[in-house]
Amino acid sequence: MRRLINTAIGLSILGLLLAGCDSGATPTPTAQVSPTKALATATTAAPQPTVGGKPDKVRFSLDWTPNTNHTGIYVAMEKGWYKDANLDVEILPYSDANTPDTLVSTGQADFGISFAESVVTDRVSGLPVKSVAAVLQTNTSALATLKSSGLDTLDKLVGKRYAGFGSPFEVPVIETMLKSAGVKDTNFQNITANLSGYSAIVAKQADFVWIYMGWEGVQTQLDGVGLNTFMLKDHDVPDYYTPVIISNESFLKDHPDVARRFLAATAKGYEYGVTNPDDAANLLIKGSPSGTFSDPRLPVQSQEYLAPFYQASQPQWGLQTLQKWTDFPRYLTTTGQLMGADGKPIQPDSIKYDELFTNAYLPGQ
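Please read all numbers here as calculations on a predicted model, not as lab measurements.

## Looking at the sheet that holds strand 5 (residues 141-146)
Two modes of strand pairing occur in sheets, parallel and antiparallel, and in both the strands are linked by backbone hydrogen bonds.
Link 1 in the chain: Reading across the sheet, the three strands line up as 8-5-9 and stay open at both edges, with antiparallel pairing between neighbours. Both outer strands of the open sheet, strand 8 (209-212) and strand 9 (227-231), are each paired with one neighbouring strand and no more. Geometrically, the sheet is characterised by an average inter-axis angle of 40 degrees between neighbouring strands, direction not taken into account.
Link 2 in the chain: The sheet contact formed by strand 5 and strand 8 spans four bridges and is antiparallel. Counted as the bridge partner of L143 is W210 from strand 8.
Link 3 in the chain: Strand contacts of helix 8 (residues 213-223): strand 5, strand 8 and strand 9, with the helix running at about 100 degrees to strand 8, the strand carrying the most contacts.

## Describing the packing of helix 10 (residues 256-275) against helix 12 (residues 297-311)
Angle between the axes and distance between the axes are the two parameters that describe a pair of packed helices.
Link 1 in the chain: Packing of helix 10 against helix 12 leaves a shortest axis separation of 8 Å and a crossing angle of 125 degrees. Taken together, the axes of helix 10 and helix 12 lie oblique to each other. Judged by the sense of rotation from one axis to the other, the crossing of helix 10 with helix 12 is left-handed. Residues Y270, E271, G273 and V274 of helix 10 pack against Q303, A307, Y310 and Q311 of helix 12.

## Section: the confidence of the model for the protein chain
Link 1 in the chain: Residues of the protein chain with pLDDT of at least 70 account for 86%, and the chain-wide mean is 88.
Link 2 in the chain: Per-residue pLDDT stays below 50 along residues 1-51; that stretch engages in 142 contacts with residues further than four places along the chain or on separate chains.

## Considerations on the sheet that holds strand 4 (residues 129-134)
Link 1 in the chain: Read from one edge of the open sheet, five strands run 2-1-3-10-4, paired in mixed fashion. Where the open sheet ends on each side, the last strands, each with one partner, are strand 2 (87-92) and strand 4. Each strand of the sheet is rotated relative to its neighbour by a mean of 30 degrees, with strand direction disregarded.
Link 2 in the chain: In this sheet, strand 10 (residues 244-248) lies alongside strand 3 (residues 111-114) in antiparallel orientation, the contact comprising four bridges. From the neighbouring strand, S114 faces strand 10, where its bridge partner is V244.
Link 3 in the chain: Of the strands in this sheet, strand 3, strand 4 and strand 10 are in contact with helix 5 (residues 116-124), which crosses strand 4 at around 155 degrees.

## Focus: the pattern of salt bridges
Oppositely charged side chains are able to pair whenever their charged atoms sit close together.
Link 1 in the chain: The final tally for this structure, using the stated rule, is 13 salt bridges.
Link 2 in the chain: Here D110 ties to R59 by a salt bridge, and the two come within 3.1 Å at their closest N and O atoms. Here R59 lies in strand 1 (residues 56-61) and D110 lies in the loop between helix 4 (100-105) and strand 3, a separation of 51 residues in the sequence.
Link 3 in the chain: The partly exposed category is assigned to R59, whose relative accessible area is 25%.
Link 4 in the chain: Salt-bridge contacts for K156 lead to D152; the nearest nitrogen and oxygen are separated by 2.8 Å.
Link 5 in the chain: Under the relative-accessibility criterion, K156 is labelled partly exposed at 35%.
Link 6 in the chain: Taken together, the shared-partner salt bridges connect R123, K130, E249 and E355 into one network.

## Comments concerning the pairing of strand 3
Link 1 in the chain: Burial along strand 3 is two-sided: the residues F111 and I113 and G112 and S114 are all buried.
Link 2 in the chain: Both strand 1 and strand 3 contribute to a ladder of two bridges, which runs parallel. Among the inter-strand pairings, S61 is bridged to a residue of strand 3, identified as G112.

## What to know about the environment of L178
Link 1 in the chain: Checked against the element boundaries, L178 lands in helix 6 (residues 170-180).
Link 2 in the chain: Sequence separation between L178 and T153 is 25 residues, and the spatial gap between their C-alpha atoms is 9.6 Å.
Link 3 in the chain: Contact partners of L178, with chain neighbours within four places excluded, come to L154, L157, V183, T186 and F188.

## A short note on the packing of aromatic side chains
Link 1 in the chain: A full pass over the atoms with the stated rule returns 18 aromatic pairs.
Link 2 in the chain: Judged by centre distance (5.4 Å) and plane angle (5 degrees), the rings of Y82 and F262 are stacked. One end of the pair, Y82, is in helix 3 (residues 81-84); the other, F262, is in helix 10, with 180 residues separating them in the sequence.
Link 3 in the chain: Residue classification places Y82 among the buried positions, given a relative accessible area of 2%.
Link 4 in the chain: For F262, a relative accessible area of 0% corresponds to the buried category.
Link 5 in the chain: Cluster of aromatic residues (ring-pair linked, three or more members): F60, Y82, F111, F251 and F262.

## Considerations on helix 6
Link 1 in the chain: Of all the positions in helix 6, only E170, P172, V173, I174, T176, M177 and L178 are classed as buried.
Link 2 in the chain: Looking one or two places after helix 6, you find G182, whose phi comes out positive at around 85 degrees.

## Overview of the environment of G318
Link 1 in the chain: Its location among the elements puts G318 in the loop between helix 12 and helix 13 (324-334).
Link 2 in the chain: Using a relative accessible area of 0% as the deciding quantity, one classes G318 as buried.
Link 3 in the chain: Sequence-wise, G318 and P363 are 45 residues apart; in three dimensions their C-alpha atoms are separated by 9.3 Å.
Link 4 in the chain: With near-sequence residues (within four places) excluded, G318 lies in contact with A133, A134, Q137, N359 and L362.

Basis of the calculations
Residues numbered from 1 in each chain as written. Predicted model: local features only at pLDDT ≥ 70, side-chain atom pairs only at ≥ 80, totals over all residues. Heavy atoms only, no water. Pairing = 2+ DSSP bridges. Helix = DSSP H or I, 4+ residues; strand = E, 2+ residues; numbered from the N terminus. Axes fitted to C-alpha atoms, helices over the stretch in contact; angles between N-to-C directions. Contact = heavy atoms within 4.5 Å. Parallel < 35°, antiparallel > 145°, perpendicular 65-115°, else oblique. Left-handed = near helix turned anticlockwise from the far one by under 90°. pLDDT = per-residue confidence, 0-100. Salt bridge = Lys/Arg side-chain N within 4 Å of Asp/Glu carboxyl O. Buried < 20%, exposed > 50% of the residue type's maximum accessible area, 1.4 Å probe, protein only. Phe/Tyr/Trp six-rings, centres within 6.5 Å; stacked < 30°, edge-to-face > 60°.

Written out as structure tokens, the structure reads:
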């Protein structure tokens, strides 16, 4: 989990240079007029499984080894809900050679796990990637220090060592957080450690790191390691969807019924994780390759942590708002690190925010 953002952005940027572009267009909700509108909706009927016939093949690309970000997929597989929808779903294991964004943009996968940063980077680079569902309704990542370090406020991170992971947005995001604490000097040491995640601060290779509370935060509790944590969304960084499920515009245009059936079964899987977190975690463990989880307590407790965030206050899992898909991407343009296909910084008014995502293929939309 520690390398997820690096995986999604750093490697996909390399993939952007290799991948071809597609001019296919996906129907997007028309009810959105401004970022203040609530939900994007469409008038398509609820998906109905195809009766009889050969199942439709769907290839789903993971962003990392199986974890609780993927629970809904594995629940739907183990419960037979994809089969009920006449779908033959193949889960493509993560590979360092190709990120989900690369596979989806080039048609080698139909859906995959990605992140808001990657979707925005993909779109401004001309790739036909679109978010079709929010796995979590909020960003659960945070900066973390050891409780024993005494670095218990953001201002104390000035000049300290940060174990980075290669995203172009890391430095500006951390600087934003430091400024929120009233710090004028936002300098810190961005270093490369031999260890990733909180292991780097335990080994004293770094003073602070960026972690996901739903995974590494849970792991530290199991390991008895005390942390000070600073949630990004609490310190002037606009909240955003991370992770999300992405697809290719051409696939959505050519196979809308398959997309609706896939997302209907997937939504059922994630919503099961909300109401039955422990059983959902056990289904994730059962469906994953043997040896994926050395400590079964981690996915179980992680599932309990994430369950409230899958749907949060939304009426159903997966829904996305234009507000979030405007606020965070617009913030990324202020960092000067969001580049277009021409290598020049992207300006806020050049992004078509309502084309970054769609709710049109979710159940009932």
